[in-house]
Amino acid sequence: MQQDFDRRFDQELQDRLVRYAAIDSQSDENSPSSPSTDIQFDMQNLLVQELQEIGAQDVQLTDYGTVLATVPGNTEGPTVGFLAHVDTAPQFNAEGVKPRVIKGYNGGDITFPDNPDLVLSPADHPYLSGKEGHDLVTASGLTLLGADDKSGVSIVMTLARHLLANPDTPHGPIRIAFTPDEEIGRGVDAKLPKDLGADFAYTLDGSDLGEIIYESFSADRAVVKIKGVSIHPGWAKEKMVNAAHLASKIVQTLPQATMTPETTDGREGFLHVTDMSGGSSEMEIKLILRDFERDGLAAKGDLLRKVCDAVQASEPRAEITCEIYPQYRNMRYWLEDDMTPVDLALEACRANGIEPISVPIRGGTDGSRLTELGVPTPNIFCGMQCVHGPLEWVSVQDMAASLQVCLTLAQLAAKK
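All figures in this text were calculated on a predicted structure; none of them were measured in a lab.

**Q** Any chance you could explain the pairing of strand 8 (residues 174-179) here in plain terms?
**A** Working note: regular strand, side chains alternate between the two faces of the sheet. The buried fraction of strand 8 amounts to six of the six residues, a majority that puts the element mostly inside the structure. Taking every second residue as pointing to the same face, both faces of strand 8 are buried, with Ile-174, Ile-176 and Phe-178 on one and Arg-175, Ala-177 and Thr-179 on the other. Looking at chain direction, strand 2 (residues 67-71) and strand 8 are connected through five bridges and run antiparallel. What sits directly across from Ala-69, in strand 8, is Ile-176. As paired elements, strand 3 (residues 80-85) and strand 8 share six bridges and run parallel to each other. Residue Leu-83 lies in a different strand from strand 8, and its bridge partner there is Ala-177.

**Q** Would you take a moment to explain a negative patch on the surface for this structure?
**A** Negative charge collects at one region of the surface, where Asp-337, Asp-338, Asp-343 and Glu-347 lie side by side. For Asp-343, a relative accessible area of 43% gives the class partly exposed.

**Q** Looking at this structure, I do not really get the pattern of salt bridges. What am I missing?
**A** Opposite charge on two side chains permits pairing when their charged atoms draw close. Enumeration over the complete set of coordinates arrives at 20 salt bridges. The partner of Arg-16 in a salt bridge is Glu-12, with the nearest N and O atoms 3.1 Å apart. Within this pair, Arg-16 and its partner Glu-12 are both found in helix 1 (residues 10-21), separated by four residues, close to a single helical turn. In this pair, the class of Arg-16 matches that of Glu-12, namely buried.

**Q** How should the packing of aromatic side chains be read in this particular structure?
**A** Geometrically, a pair of aromatic rings is defined through the distance of the ring centres and the angle of the planes. Across all of its chains, the model carries six aromatic pairs by this definition. Seen from their ring centres, Phe-217 and Phe-270 are 5.5 Å apart, and the 90° between their planes marks the pair as edge-to-face. Of this pair, Phe-217 sits in the loop between strand 10 (212-213) and strand 11 (218-227) while Phe-270 sits in strand 12 (residues 270-278); the two residues are 53 residues apart in sequence, bridging distant segments of the chain. Classification of Phe-217 as buried rests on a relative accessible area of 0%.

About the criteria used
- Residues numbered from 1 in each chain as written.
- Predicted model: local features only at pLDDT ≥ 70, side-chain atom pairs only at ≥ 80, totals over all residues.
- Heavy atoms only, no water.
- Buried < 20%, exposed > 50% of the residue type's maximum accessible area, 1.4 Å probe, protein only.
- Helix = DSSP H or I, 4+ residues; strand = E, 2+ residues; numbered from the N terminus.
- Pairing = 2+ DSSP bridges.
- Patch = residues over 30% accessible without salt bridge, like charges linked within 9 Å, V, L, I, M, F, W, Y side chains within 5 Å.
- Areas by Shrake-Rupley, 256 points an atom, 1.4 Å probe, with all protein chains shown as cover.
- Salt bridge = Lys/Arg side-chain N within 4 Å of Asp/Glu carboxyl O.
- Lys, Arg positive; Asp, Glu negative; His and termini not counted.
- Charge placed at Lys NZ, Arg CZ, Asp CG, Glu CD.
- Phe/Tyr/Trp six-rings, centres within 6.5 Å; stacked < 30°, edge-to-face > 60°.

Shown next, in the form of structure tokens:
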């Protein structure tokens with residue numbers, strides 16, 4: 001159980017989250033630019049300004065859209081990074097977010113002013129039932145909130161402000177990074193590990209109180225393209241090859257009762273069709289492939305290729321291609337060689353009366369890619385719940401607990 005913390009950070013965290021969440025910063029996987037959307041600069045430029053105002057050093061907005069800054073150390077110790085991402089998920093409406101604060105949650109159902117039929121109930125979301133008396137932040141019912149990951153941004157900014165305002169708090173050098181495009185798997189530019197300059201780091205991008213995550217999915221994405229034979233349908237007999245029919249056959253041949261997101265949990269991976277577009281002449285299918293282990297991920301890619309090959313063989317006049325692209329890998333593969341960052345986070349939790357939880361995350365973070373590129377980066381909770389949809393909410397007190405853990409972490413790291 002969490003110990004009672006002083007509430008000196010609650011108002012600042014709440015104010016920051018409400019301010020940041022109201023800014024539209026949704027990413028777009030179909031955009032080739034970096035960041036993928038110009039609106040993410042609205043967040044990044046604000047954070048640059050705020051970092052400069054609180055006295056952070058080396059504040060910069062990189063050419064790949066990441067904000068970097070330094071909180072100088074006042075004692076010897078490794079350089080520790082703290083990261084959060086500014087983009088919000090493209091899966092649900094994120095334009096015109098109207099954050100609202102529910103002070104001293106009463107433990108009952110939560111309704112939404114702009115969507116009266118929407119209900120957030122502790123009966124359906126057991127984690128909510130433990131937050132009676134907390135101050136909750138939600139959206140108004142028509143958008144996501146963006147606590148993923150603006151709760152993390154709020155925590156990192158408050159951490160930096162506090163350490164700069166209290167130079168007697170012992171800590172080594174701290175590097176801050178706010179990345180774009182995490183939600184579309186493009187948050188870590190190849191230049192970031194060197195530019196960050198941290199010995200190890202932490203992403204503030206987790207959910208439940210006490211989560212210290214050092215295992216993530218390994219991830220690939222796939223694009224299947226089908227080119228049929230187009231002809232006027234009135235004269236199509238024995239000539240037309242309908243690409244839409246072949247795309248449907250591929251999707252129907254893939255596993256339905258197993259190996260999909262809605263049929264898996266725990267350590268089970270999946271194949272997930274995310275998009276289908278096109279028409280009778282050409283079709284495109286986008287998929288994501290997930291597994292905790294490399295061989296399991298490879299097997300899912302092999303299965304997809306075999307299905308495409310089988311449908312191709314059934315209609316040789318069509319042209320079917322299947323391309324698979326790597327996204328990120330399970331951070332455990334590298335962290336298990338040196339668990340120091342993980343052990344420090346676990347110790348920091350326990351020092352604050354929080355029993356840590358370390359379960360494999362059925363997703364990925366910027367830390368997955370950073371770890372693979374040489375900067376060990378486990379993930380720390382920041383309270384966000386029901387993300388990527390209109391029921392998204394976060395407890396201000398969970399955010400405050402995360403901040404306390406980060407403050408303790410910074411001090412513990414300086415002793416190493």
